[in-house]
Structures are given as structure tokens and as C-alpha cells.
Amino acid sequence: MFIEPRVGNSSHIARRGWIEVICGSMFSGKTEELIRRLNRAKIAKQKVEIFKPAIDTRYHVEDVVSHNANAIRSTPVSFAHDMLLLGSSCDVVGIDEAQFFDDALMDVCVQLANSGIRVIAAGLDMDYLGKPFGPMPALMGVAEYVTKVHAVCMQCGDIASYSFRNAASAQKILLGETDSYEARCRHCFLEGMKGRS
Ligand SMILES: [Zn+2]
């Protein structure tokens, strides 16, 4: 489990920010891990704000909702830059479904961290083709801490890091309903992709 080397902003030292990334495939528990970290900060009376891209309206508009319905209030934003103003007064900024944000995300997270804010971003590291997803690779490059969580392969039970899509749609932004995707290991992902062009 990820243990923060420090979590607080003690009054006798200057406020220091940093960036944490939680990445992995679908069904790997990314959002649960994000919520775990954010809830601990909230209990400690730190000012926490959670953002998600306005595009993700799978369940409730204002909640970050993971697959186990462990919900936490969040603010949908259209552009990464919106978080600079909205998050400026926070101790901790959480970002869910970070892969759906625009390329400004990395710069926004750096600016927030530079101003003393702890930034925790969770998102898919790979799309359904197994390629790096949107702004995630850049964000992982500038983060102090990167945690890659894994799912269980729904074919063979091995450790899974790929999101295999069953649906025929070629749309990259097809949000993660259970029946459209399954978590797969490298071997089973490659087997499933055979015969697709
Ligand atoms: Zn497998």
C-alpha cells in the first residue's frame, strides 16, 4: 500500500506541494485508492477538492463514483485550466478519470503543486489498444509518486494491466461499463486483439 512520506502542512514549515499519480487498467481499483487517500486527508481537516472531466457522466454528475459505489462529492470541469482557480485554496486536489483531460493537465498539476498543493490524479494509463492514454504519460513523468494498480485477468486469473474492449465501437472515449470491457493480462489481451485491425 502507498504510504505518504508526509501528508500535512505543518504551520512551522512552508507549505509544500507534490504530485501523486494512481494509474492502471479498468477494474484495478484506481478510484478506490484515490478516495482512500482523499478521505484520510478530509478526516485530518485538510481542505480537499475533487475534480473530474465533465465528459464522465456515467453515474452522477457531482460524485466521483467508483464501481463499488463508494462515492465522494466532486466538481465536473470542462478544461484542465479550470482547476487552477477552483483548486487554488485547497490543501489537496484530487482528480479522477485524469486520462480524459486535455494536454494542459500536466502543466496545471505542476502549477498547483508548485503553489503548495498536494495533487492526486487517478486515471487509465493505457487505452483499449494498449497505447498510453492522453495526458497520463506526461503527468507520470513529472509526478513524485506513481502507483500502478492492477486488476485480475477475467480470462485466466493472472495479474491484468490491459483494458480489453468487447464492444465493436471504434470510439476511444467509450466510458467503462462493465459489459463493454474486461481486464486482461498481456497474453490474453494479445489473444483477443488477434484478428482485429
Ligand atoms: Zn490472462
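What counts as what
- Residues numbered from 1 in each chain as written.
- Predicted model: local features only at pLDDT ≥ 70, side-chain atom pairs only at ≥ 80, totals over all residues.
- Buried ≥ 20, exposed ≤ 12 C-beta atoms within 10 Å, placed from the backbone.
- Helix = DSSP H or I, 4+ residues; strand = E, 2+ residues; numbered from the N terminus.
- Pairing = 2+ DSSP bridges.
- Right-handed = clockwise from strand over helix to strand, strands pointing away.
- UniProt positions renumbered as here; feature names shortened; annotations may be inferred.
- Contact = placed C-beta atoms within 7 Å.
- Core = buried A, V, L, I, M, F, W, Y, C linked by C-beta atoms within 7 Å.
- Axes fitted to C-alpha atoms, helices over the stretch in contact; angles between N-to-C directions.

**Student:** Explain the pairing of strand 7 (residues 118–124) to me, and be specific about the residues and the numbers.
**Tutor:** Of all 7 residues that make up strand 7, 7 are buried, and the element is covered over most of its length. Pairing geometry for strand 1 (residues 18–24) and strand 7, over 7 bridges, is parallel. Bridge pairing in strand 7 links Gly 24 to Leu 124. Pairing analysis gives 4 bridges linking strand 6 (residues 92–95) to strand 7, with the strands arranged parallel. Considered in strand 7, the bridge of Gly 94 is made with Ile 120. In terms of handedness, the path from strand 6 via helix 3 (residues 105–114) over to strand 7 forms a crossover that is right-handed.

**Student:** Report on the UniProt feature "active site" (unreviewed entry) in the protein chain, specifying residues and quantitative values.
**Tutor:** As recorded in UniProt, the feature "active site" (unreviewed entry) lies at Glu 97. For Glu 97, the location among the structural elements is in the loop between strand 6 and helix 3.

**Student:** Describe the environment of Ala 122, naming the residues involved and giving the relevant values.
**Tutor:** Of note, Ala 122 is situated in strand 7. With 92 residues separating them in the primary sequence, Ala 122 and Lys 30 have C-alpha atoms 6.0 Å apart. If we skip the residues at most four places from it in the chain, Ala 122 touches Ile 22, Lys 30, Thr 31, Glu 33, Leu 34, Ile 95, Asp 96 and Ala 98.

**Student:** Help me get a handle on the nonpolar core, residues and values and all.
**Tutor:** In terms of nonpolar packing, the biggest core is built from 49 residues, with Val 93, Cys 109, Val 119, Ala 121 and Leu 139 touching the most fellow members. Residue contributions to this core peak at 6 residues, all from helix 3. Contact partners of Ala 121, with chain neighbours within four places excluded, come to Val 21, Ile 95, Ala 98, Cys 109 and Leu 139.

**Student:** If you had to explain unusual backbone geometry to someone new, which residues and values would you point to?
**Tutor:** The phi dihedral of Lys 45 is positive, around 65 degrees, even though this residue is not glycine. Note on Lys 45: 8 C-beta atoms within 10 Å, which makes it exposed. One non-glycine residue, Glu 97, adopts positive backbone phi at about 50 degrees.

**Student:** Describe the sheet that holds strand 7, and please don't skip the residues or the numbers.
**Tutor:** In space, the 6 strands of this open sheet follow the order 5-2-6-7-1-8, with parallel pairing throughout. At either margin of the open sheet sits one strand with a lone partner, and together these are strand 5 (75–77) and strand 8 (145–149). Mean inter-strand twist for the sheet, computed between neighbouring axes without regard to direction, equals 20 degrees. Alignment of strand 2 (residues 48–53) against strand 6, held across 4 bridges, turns out to be parallel. Bridge pairing in strand 6 links Glu 49 to Val 93. In this fold helix 1 (residues 30–43) packs onto strand 1, strand 2, strand 6, strand 7 and strand 8, with an angle of close to 165 degrees to the strand it touches most, strand 7. In the packing of helix 3 onto the sheet, contacts are made with strand 1, strand 6 and strand 7, and the angle to strand 7 comes to roughly 155 degrees.

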